[in-house]
Amino acid sequence: MPYVSACLAILALSYILFRVAFRRHSTIEHVPGPPSPSWIYGNLLNLLLPVTYGDHEFAWQRQYGAVYRIKACFGVSSLLLHALGRSFHIPLQADRLVVSDPLSLQFILRGTSFKHGPTLENAVTTVFGKKALASLQGEPHQRARAILNRAFTANAVRQFQPVFERTTQMMAAQLEESLMAGPLTDICSALFTPTLSAIAEAAFGCTLEEMGDELITQHRHAIVMVASRSRAHILAEVLYAYIPSNMLRFALFLPTSAFRNLRRYTIVTRKLGERLVSGKLEASRRGLEMDNDIYSSLLHPDASQEEKDAMTACEVATQTAMFLIAGQETTANTLALGLYELAKNVDFQEELRAEIYSAIGGDIAYDSMPLLNAFIKETLRMHPVTPLTEQVATEDTVLPLSHAIMTTSGERISEIPIRRGQIIMMAHASYQRRESLWGSDAGEFKPSRWTDGTTYKGDALGPYANLLSFLGGPRACLGWRFAILEMQVVIFGLVRKFSFTLPEDDSVRPCLAGTLMPAMANGNKGCPLLVSCLL
Ligand code: HEM
C-alpha cells in the first residue's frame, strides 16, 4: 500500500507541475463566478460535497446568473505544449462553466460540439463496459440506440405494468413485516429489493432467485461504492479522467477493496448476461415461446454478426450491468426522495390518497390522475438524480446565451467562445429551480404548479415535462417511460396502503454521491420515515 500511495502521489505531483509549466489562458476566464476557496479543490467541494445538495450551487445561480465560471482542482485551465516543433493543445479541467441557461443547454444537448466529459466517460466505460449503450459514441451509439428504443416505446413499456404491480405488492408486504418491529422504517432499504426485482423481471425475464445471491450482493457493493463521495474521491476522479480508454480495464486491478468489488461485479454481471442470453436462444431453437421481457425482444437467433437493426447475442448480454444500475438506483432514489417530500407535505399526501381511492376499481388509468402525475413531476424537478452532467467540447465552438452577461472586464457578451477540451457542467437541478423560469417559489416542493399551469413553458429540453431529469437530445434516458410507469404504480400502491410522516429528529437531506440520494445526519444513505398501515 505505501508503494501504491507513493506512486499515486508522484503521479499527482508530476501532473500538477506539468500543468503549471504549460498553462494556457482559458476563453472563459472573464466569465464571472464565485471566488475559489482552495487551490487544490477549487470550488468543487462546495459544488459536490455541501451538507445539502445545492447549498452553494443554487446561491451561485442567484448571484451570478445562468452561466458562471468555477474552478476545479489545481487551478490551471489548459496547456499549450510545444514539442517536436509543433503545438499541442492539451485540454485540462480547472476552469469550468456551470450552465443552466435553456438556450445554452439546448445547444449542448442537440448539437455535435459536446460529448460526455472524461471523468464521466471513464466511469461509465469502467462500470458498464465499452460495448454498453451508455459507453458508445457516434454512429455505434445511434445504431444501438435505434435498436434499444424499440423495446422502450409507450406500448412496449405498458406491458410491464403487471410486473410493477407485483413488485409493489412485494414492497408493501416487506413494509408490513418491518412495521412489526416499530413504525420507523428506512425507505431506501425497503425500495432496494423491489426495484431490483422490477428491472430483473422486465429487462431480463428472471427472478431475483434466478439472478443469484452473489450478483445481488455485488450489486449492493457497487451501489455503496457509487454512493460514497469524499475529498479523496474528488481528487481521484480528476486523475481518473486522464487514464486513456484502452488502459481502463487495468484500473479494475487497482489493489483497493472498491476496485476489487467492482471487478467482481463486472464479472458476475457479464456471466449473468451470457447465461440469460444463451438460455433464451436455446429456448427459441427448441421452438418454445419467447418471454416478453426486453432481452427476449432484442434477441434474433439469426443475428450472429453486427447488423444495422439487430443486436448480436453478445451485444445484448453486455448491456446487463448498465440496465441493473441505470434501471434500479435511479428509480429507487427518486422514489425515496419523493416519499420523503410526501412525509413533509401531509396535506398533499391526503389529497393524493383521496385521488387514489377514487381511482380504485376497474382498470387504473395512471396517466389520467392529475395529482399522482403532478407529484412525480415535482419530485423529478426538485430532485433530479443526475443534477449535474459533465460535458466536454469536442471542437472550438461558441455557446449562445438567452441573456447577455457582463464579464469581469466590463464587456457585455451574448455568447461565449469555447475551446476544444473545455469542460462544462450542465446544471439540471439549477435549471429546474431557476426563479425566472419556474416562478419565485421555484425552491419549494409544490405539486400544484403542474395542475394550475404555472410551470415553465419554453422550448422542450428533455423528453418529459420540460425537465432535464432524464437529460435530453440523443442521449436522453432510454428508460424514462419505464421509470415513470414504475413510479406511478409504486406511489399508487404505497400511498393507498400506508401513511408516511417525518420522525421528530428528522435530519434527512438530498446529497450527491454518484446520484442524488437521501442521506442521514452521518452522511450515509438512508431515509427513516414513520410508516403506518391504513388498510
Ligand atoms: C427516475 C428514474 C431515472 C432517471 C432520473 C434517469 C436519468 C437518466 C439520465 C439523466 C441519463 C443520461 C445520463 C448521461 O448521459 O449523462 C440516463 C441515461 C440512461 N438511462 Fe436513465 N434514468 C432513470 C431510469 C432509468 C431506467 C428505469 C432505465 C432502464 C430500464 C434507464 C436506462 C438508461 C440508459 C440505458 C441510459 C443511457 C442512454 C444512452 O446513453 O443513450 N434509466 N438516465
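On a predicted model such as this, the values are computed, not experimentally measured, just so you know. (Residues numbered from 1 in each chain as written. Predicted model: local features only at pLDDT ≥ 70, side-chain atom pairs only at ≥ 80, totals over all residues. Heavy atoms only, no water.)

## Quick word on the overall build of the protein
The helix and strand tally for the protein stands at 22 helices and 15 strands. When the 535 residues of the protein are sorted by exposure, 53% land in the buried category. When contacts within the protein are restricted to residue pairs at least 6 apart in sequence, those whose partners lie at least 24 apart make up 74%. (Helix = DSSP H or I, 4+ residues; strand = E, 2+ residues; numbered from the N terminus. Buried < 20%, exposed > 50% of the residue type's maximum accessible area, 1.4 Å probe, protein only. Contact = heavy atoms within 4.5 Å.)

## Some thoughts on the pairing of strand E11 (residues 423-427)
Summarising burial for E11: five of the five residues are buried, a large majority. Two elements, strand E5 (residues 95-99) and E11, share three bridges in a ladder whose sense is parallel. Note on E11: the bridge partner recorded for Leu 97 is Ile 424. With five bridges joining them, strand E8 (residues 388-393) and E11 adopt antiparallel strand pairing. Of the residues in E11, the one forming a bridge with Thr 389 is Met 426. (Pairing = 2+ DSSP bridges.)

## What to know about the environment of Ser 297
When you line up the elements, Ser 297 lands in helix H15 (residues 294-298). Taking the C-alpha atoms as reference points, Ser 297 and Arg 150, separated by 147 residues in sequence, lie 8.9 Å from one another.

## Examining the site of the ligand
Close contacts around the ligand come from 27 residues, with His 116, His 141, Arg 145, Thr 330 and Cys 477 the closest. Between the ligand and the protein, one listed contact pairs an oxygen atom with a side-chain N or O atom of Arg 145 at 2.9 Å. Taking Arg 475, its side chain carries an N or O atom lying 3.3 Å from an oxygen atom of the ligand. (Near = heavy atom within 4 Å. Polar contact = N/O pair within 3.5 Å; in protein donor to acceptor, adjacent residues only side chain to side chain.)

## Observations concerning the packing of aromatic side chains
Where two aromatic rings form a pair, the distance of their centres and the angle of their planes describe that pair. Under the counting rule described, the total for this entry stands at 19 aromatic pairs. Measuring from ring centre to ring centre gives 6.0 Å for Tyr 53 and Phe 58, while their planes differ by 80°; the resulting arrangement is edge-to-face. Exposure class is identical for Tyr 53 and Phe 58. Each is buried. Centroid distance Trp 60 to Tyr 68: 6.0 Å. Interplanar angle 70°. Geometry classified as edge-to-face. Under the relative-accessibility criterion, Trp 60 is labelled buried at 8%. Of the residues examined, Tyr 68 reaches a relative accessible area of 1% and is grouped as buried. (Phe/Tyr/Trp six-rings, centres within 6.5 Å; stacked < 30°, edge-to-face > 60°.)

## Comments concerning helix H14 (residues 257-285)
Its 29 residues give H14 an end-to-end C-alpha distance of 42 Å, which sits within 8% of 42 Å, the value for a rise of 1.5 Å per residue. Just downstream of H14, Gly 287 is the residue with a positive phi angle, here 80°. (Expected span 1.5 Å × (residues − 1).)

## Details of the UniProt feature "binding site: heme" (unreviewed entry) in the protein
As annotated in UniProt, the feature "binding site: heme" (unreviewed entry) corresponds to Cys 477 in the numbering used here. Along the polypeptide, Cys 477 turns up in the loop between helix H21 (435-438) and helix H22 (480-497). Beyond its immediate sequence surroundings of up to four residues, Cys 477 is in contact with Arg 145 and Phe 470. (UniProt positions renumbered as here; feature names shortened; annotations may be inferred.)

## Details of the sheet that holds E8
Reading across the sheet, the five strands line up as E2-E5-E11-E8-E6 and stay open at both edges, with mixed pairing between neighbours. The sheet terminates laterally at strand E2 (67-71) and strand E6 (114-116), the two strands that pair on one side only. Shown here is a sheet whose adjacent strand axes are inclined to one another by a mean of 35°, direction ignored. Each of E2, E8 and E11 touches helix H3 (residues 57-64); the most contacted strand, E2, lies at about 130° to it. Across the sheet, helix H4 (residues 102-110) lies against E2, E5, E6, E8 and E11, angled at about 115° from E11, the strand it touches most. (Axes fitted to C-alpha atoms, helices over the stretch in contact; angles between N-to-C directions.)

## Here we look at the packing of helix H11 (residues 213-226) against helix H17 (residues 320-344)
Their axes nearest at 11 Å, the elements H11 and H17 cross at an angle of 65°. Comparing the axis directions of H11 and H17 gives the class roughly perpendicular. Judged by the sense of rotation from one axis to the other, the crossing of H11 with H17 is right-handed. Together, Leu 215, His 219, Ala 222 and Ile 223 of H11 and Leu 324, Ile 325, Gln 328 and Glu 329 of H17 make up the contact between the two elements. Its residues assigned to classes, the contact of H11 with H17 shows five nonpolar, two polar and one charged. (Parallel < 35°, antiparallel > 145°, perpendicular 65-115°, else oblique. Left-handed = near helix turned anticlockwise from the far one by under 90°. Nonpolar A, V, L, I, M, F, W, Y, C, P; charged D, E, K, R; others polar.)

## A few points about the pattern of salt bridges
Between side chains of opposite charge, pairing is possible as soon as their charged atoms come close. Here the structure, examined in full by the defined rule, presents 17 salt bridges. Across the pair Glu 329 and Lys 525 runs a salt bridge whose closest N-O atoms are separated by 2.9 Å. Of this pair, Glu 329 sits in helix H17 while Lys 525 sits in the loop between strand E14 (515-519) and strand E15 (528-533), and the two are 196 residues apart along the sequence. The network of salt bridges with common partners includes Glu 378, Arg 381, Asp 441, Lys 446 and Arg 449. (Salt bridge = Lys/Arg side-chain N within 4 Å of Asp/Glu carboxyl O.)

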